[in-house]
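Okay, here's what each chain looks like letter by letter:
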Amino acid sequence: RETKLQIVLTCSSTWLNLHLIVLMVLCVFLQGMAFSLEERLQLGIHGLLPPCFINQDVQLLRVTLENIIKMDLPLRKESKQYVFLMGLQDRNEKLFYRVLLSDVERFMPIIYTPTVGLACQQYGLIFRKPRGLFITIHDRGHIASVLQNWPEKDIRAVCVTDGERILGLGDLGCYGMGIPVGKLALYTACGGMPPQQCLPVMLDVGTDNETLLKDPLYIGLRHKRVRGQAYDDLLDEFMKAVSDRYGMDCLIQFEDFANVNAFRLLTKYRNQYCTFNDDIQGTAAVAVAGLLAALRITKSKMCDHTIVFQGAGEAAMGIAELITMAMEKEGLAKDECLKKIWMVDSKGLIVKGRDHLTHEKERFAHDHPHMKKLEDVIQELKPTAIIGVAAVAGAFSEQIIRDMASFNERPIIFALSNPTSKAECTAEQCYTLTEGRGIFASGSPFDPVTLPDGRMFYPGQGNNAYIFPGVGLGITACAIQHVTEEIFLTAAEALAHLVTEKDLAEGRLYPPLSSIRDVSLKLAVKIMEYAYEHNLATLRPEPSDKQAHIHSLCYSTDYDEFVVDSYRWPEDSMVVQSCKL
Ligand code: NAD
């Protein structure tokens, strides 16, 4: 029976790695999370299962609940679609990616935002089979040996989370593993990076989510988050262990870390390892790409604009930083660039001398009286662009949109907060209240809008998936070891350049999502060109045809030819006999 199982697994994926198959059999088909720590260590599967040890009673509970799901009770339609696609990923990886690519617009929202958020919330219930590596705070001192348990040796991209700020959903602890898994699936689907070169990692340091701590199905450590020196030591050891095992050019993408850690970890590691934070830098690139495309409509330069942010968190800081870089590139002095950017957080306008100013916020604090209400800020500053990233639904009120339309011929209004229910305004509100003059982009998708005069607009969706798969592909394709901010500006410029005049005329600030594979390849080529020009690439010799080089690295969803004889199993082995049967 085991041998037949091996054949099925081998045929259905390109992972012709018997070690891995044996591990999968051990993890999934035997006791699963019921293995004790001693057994996991002896079997070499420590880290391949979530850290929680559960007994058969809890497994029974999960199975029973699953049966309830089948009877259509608690799980929403979207979660079922997620479970279905994840099951397909386990059974037939190539078909899974073929399905994603067949209709990216339809399937991406299932494995990525917004459905992945729902899936993370219900991870305990829908959890079938571990995917990725689980490293806990208790593994300190041994992370290198946990990494040894992962059977693939040629890892090019790691996506890591500690689960503290999953999308806009807060601390989901170990349930946050759905995010790195989904992001890396997009590395393959959108960027063409082979899935076996991608490693999702959960750094489980506990959770402060009381509901999860009481949830019998919770798969993570059941204690409060460990913070301070122990947390920092874990991160330091993890970064070093990954780079030691997979090389200094192994890309480590940070996802959904809380504000308090996201900025300082980025600052700490950016010049030491090959790393970036997608919530800060990926968001920045996609938003700046939208602004650069908007400039083609307004026929202006970035430094001609005054921009007000609603929100001053990871997204706002990342976007503001990249905007100042774009302005500096146009020739404006750094201090002057900063003066053109204003931020409003939960305490109101960020001004010099105000309370609750972090180091990041200080940079955008100006000499100005404090103002509490966004409406008043807009009236006072008369910005040319407003960007919503505070997850405050409806923050761009009718008055604000009308004011923007009165100050500007073509007001730029980006409602980037996710999910759709958190958007600062809808596409329809923007186009209607500005009589079609508003230049709009959103974080979540909106349907096209038709105005009473018959004009139709297609709102742009500033989806990070336009950026991180192409950036990841470019970085790994030429073995960049440090991901500079200029790489994200390069990506933003390349993305804006791919928007056609026809797209702009229809209101689109981004290329159609259906062309995302092509977009990622083009971004990757630009990043390679930039990297060789600025001495960031370590791959030698430099490929003369960079596009062909990237193509040669890309994953194909075509099945490999499967010839049993080529594995040189003995003619009388069960494998060959089973195939003949
Ligand atoms: P964050 O938690 O780091 O920042 C949120 C900020 O909003 C904080 O500065 C907070 O002070 C501020 N805020 C809270 N309440 C406010 C209020 N009433 N008025 C003004 N400001 C208020 O979160 P983040 O990572 O910056 O994400 C923010 C939003 O942006 C989320 O909805 C997220 O989904 C969205 N986002 C969109 C994209 C995209 O479109 N590509 C990418 C990243 C994040």
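What counts and what doesn't
Residues numbered from 1 in each chain as written. Predicted model: local features only at pLDDT ≥ 70, side-chain atom pairs only at ≥ 80, totals over all residues. Heavy atoms only, no water. Near = heavy atom within 4 Å. Polar contact = N/O pair within 3.5 Å; in protein donor to acceptor, adjacent residues only side chain to side chain. Areas by Shrake-Rupley, 256 points an atom, 1.4 Å probe, with all protein chains shown as cover. Helix = DSSP H or I, 4+ residues; strand = E, 2+ residues; numbered from the N terminus. Nonpolar A, V, L, I, M, F, W, Y, C, P; charged D, E, K, R; others polar. Buried < 20%, exposed > 50% of the residue type's maximum accessible area, 1.4 Å probe, protein only. Contact = heavy atoms within 4.5 Å. Phe/Tyr/Trp six-rings, centres within 6.5 Å; stacked < 30°, edge-to-face > 60°. Salt bridge = Lys/Arg side-chain N within 4 Å of Asp/Glu carboxyl O. Core = buried A, V, L, I, M, F, W, Y, C linked by side-chain atoms within 4.5 Å. Axes fitted to C-alpha atoms, helices over the stretch in contact; angles between N-to-C directions. Parallel < 35°, antiparallel > 145°, perpendicular 65-115°, else oblique. Pairing = 2+ DSSP bridges. Patch = residues over 30% accessible without salt bridge, like charges linked within 9 Å, V, L, I, M, F, W, Y side chains within 5 Å. UniProt positions renumbered as here; feature names shortened; annotations may be inferred.

J.: Help me get a handle on the site of the ligand, residues and values and all.
T.: Taken together, 23 residues sit near the ligand, with Arg-165, Asn-259, Ala-315, Gly-462 and Asn-464 positioned nearest. In this structure, an oxygen atom belonging to the ligand sits 2.9 Å away from a main-chain N or O atom of Ala-315. Between the ligand and Asn-464 there is a distance of 2.6 Å, counted from a nitrogen atom to a side-chain nitrogen or oxygen. Burial of the ligand by the surrounding chains reaches 79%, relative to a free accessible area of 850 Å². Within the residue set of the shell around the ligand, elements represented by two or more residues are α15 (278–298), α16 (314–329) and β7 (341–345). Of the residues assigned to the shell around the ligand, the class counts are 9 nonpolar, 11 polar and 3 charged.

J.: Describe the side chain of Lys-546, with residues and values.
T.: Position of Lys-546 relative to the elements: it lies in helix α26 (residues 546–553). On the accessibility criterion, Lys-546 (11% relative accessible area) is buried. Apart from the residues within four sequence positions on either side, Lys-546 is in contact with Val-525, Met-528, Glu-529 and Tyr-532.

J.: Could you give an account of the packing of aromatic side chains, naming the residues involved and the relevant values?
T.: Scanning the entire structure with this criterion turns up 14 aromatic pairs. Residues Phe-276 and Phe-488 carry aromatic rings whose centres are separated by 5.3 Å and whose planes lie at 55° to one another, so their mutual orientation is tilted. With Phe-276 in strand β5 (residues 275–277) and Phe-488 in helix α23 (residues 485–497), this residue pair connects regions lying 212 residues apart in the sequence. Grouping residues by exposure puts Phe-276 and Phe-488 together as buried.

J.: Describe the pattern of salt bridges, with residues and values.
T.: Tallied over the full model, the rule gives 33 salt bridges. Note that Arg-437 is salt-bridged to Glu-435, the shortest N-O span being 3.9 Å. Of the residues examined, Glu-435 reaches a relative accessible area of 53% and is grouped as exposed. A single salt-bridge network, built from bridges that share partners, covers Arg-165, Asp-256, Asp-279 and Glu-314.

J.: Before we move on, can you summarise the nonpolar core with the specific residues and values?
T.: In terms of nonpolar packing, the biggest core is built from 171 residues, with Phe-238, Phe-309, Ile-319, Ile-323, Met-343 and Ile-467 touching the most fellow members. It is α15 that provides the largest number of residues to this core, a total of 12 residues. When residues no more than four places from it in sequence are discounted, the contact partners of Met-343 are Phe-309, Gly-311, Ala-312, Ala-316, Met-317, Ala-320, Gly-348, Leu-349, Ile-350 and Phe-364.

J.: Describe in detail the packing of helix α5 (residues 77–91) against helix α7 (residues 104–111), supporting the description with residues and values.
T.: Where α5 contacts α7, the two axes come as close as 9 Å, and the packing angle between them is 95°. One element, α5, and the other, α7, form an angle in the roughly perpendicular class. Taking contact as the criterion, the partners of Glu-78, Gln-81, Tyr-82, Leu-85 and Met-86 in α5 are, on α7, Phe-107, Ile-110 and Ile-111. For the contact of α5 with α7, the residue count by class is 6 nonpolar, 1 polar and 1 charged.

J.: Tell me about the sheet that holds strand β2 (residues 157–161), and please be specific about residues and values.
T.: Sheet strands pair via backbone hydrogen bonds, and the direction of the pair is either parallel or antiparallel. Ordered by their spatial adjacency, 5 strands build an open sheet running β1-β3-β2-β4-β5, and the pairing between neighbours is parallel. In this open sheet, the two edge strands, each paired with only one partner strand, are β1 (133–136) and β5. Taken pair by pair, the neighbouring strands of this sheet meet at an average axis angle of 25°, ignoring direction. Judged from the 5 bridges that link them, β2 and strand β3 (residues 198–204) form a sheet pairing that is parallel. Bridge pairing in β3 links Thr-161 to Met-202.

J.: Would you mind going over a nonpolar patch on the surface in detail, with residue names and values included?
T.: A contiguous nonpolar surface patch, about 290 Å² in accessible area, is contributed by Leu-37, Leu-41 and Phe-53. Among the structural elements, Leu-37 can be located in helix α3 (residues 37–43).

J.: Give a description of the pairing of β7 that names residues and reports values.
T.: Counting buried residues in β7 gives 5 out of 5 residues, a clear majority hidden from the surface. Judged by which residues are buried, β7 turns out to be covered on both faces: Ile-341, Met-343 and Asp-345 on one side and Trp-342 and Val-344 on the other are all buried. Direction of pairing for strand β6 (residues 307–310) relative to β7: parallel, over a ladder of 4 bridges. Paired with Ile-307 across the two strands is Ile-341, which belongs to β7. In terms of strand pairing, β7 meets strand β8 (residues 348–349) through 2 bridges, oriented antiparallel. Across the sheet, Val-344 pairs through a bridge with Leu-349, a residue of β8.

J.: Pulling in residues and values, what's your account of the UniProt feature "binding site: (S)-malate" (unreviewed entry) in the chain?
T.: Look at the UniProt record and you will see "binding site: (S)-malate" (unreviewed entry) annotated at Arg-165, Asn-418 and Asn-463. Within the fold, Arg-165 resides in the loop between β2 and α11 (178–191). Look at Arg-165 and you get partly exposed, because its relative accessible area is 26%. Dropping the residues within four chain positions of it, Arg-165 is found in contact with Gly-170, Asp-256, Phe-257, Ala-258, Asp-279 and Glu-314. In this structure Asn-418 touches Gly-443 and Ser-444, once residues within four positions along its chain are discounted.

J.: Please provide a residue-by-residue account of the sheet that holds β8, values included.
T.: If you walk across this open sheet you meet the 7 strands as β8-β7-β6-β9-β10-β11-β14, and the pairing is mixed. The open sheet has two edge strands, β8 and β14 (460–461), and neither has a second partner. Pairing of strand β10 (residues 412–415) with strand β11 (residues 439–442), which is carried by 4 bridges, proceeds in the parallel orientation. Following the sheet pairing, Ile-412 is matched in β11 by Ile-439.

J.: Can you break down the UniProt feature "binding site: a divalent metal cation" (unreviewed entry) in the chain residue by residue, with the values?
T.: Under the feature "binding site: a divalent metal cation" (unreviewed entry), the UniProt entry names Glu-255, Asp-256 and Asp-279. Spanning 25 residues, the named residues form one tight spatial group whose C-alpha atoms are at most 6.8 Å apart. Within the element layout of this structure, Glu-255 appears in the loop between β4 (251–254) and α14 (259–269). Glu-255 sits in the buried class, given a relative accessible area of 1%. Not counting residues up to four positions away in its chain, the partners in contact with Glu-255 are Cys-159, Val-160, Thr-161, Ile-179, Lys-183, Asp-278 and Asp-279.

J.: Describe in detail the environment of Gln-89, supporting the description with residues and values.
T.: By the element assignment, Gln-89 lies in helix α5. A polar atom in the side chain of Gln-89 sits 3.5 Å from the side chain of Tyr-97.

J.: Please give an account of the environment of Gly-474 that cites residues and values.
T.: Examined against the element boundaries, Gly-474 turns out to sit in helix α22 (residues 468–477). A sequence separation of 13 residues divides Gly-474 from Ile-487, and the C-alpha atoms of the two residues are 9.6 Å apart. Excluding residues within four positions of it along the chain, Gly-474 makes contact with Ile-480, Ala-524, Ile-527 and Met-528.

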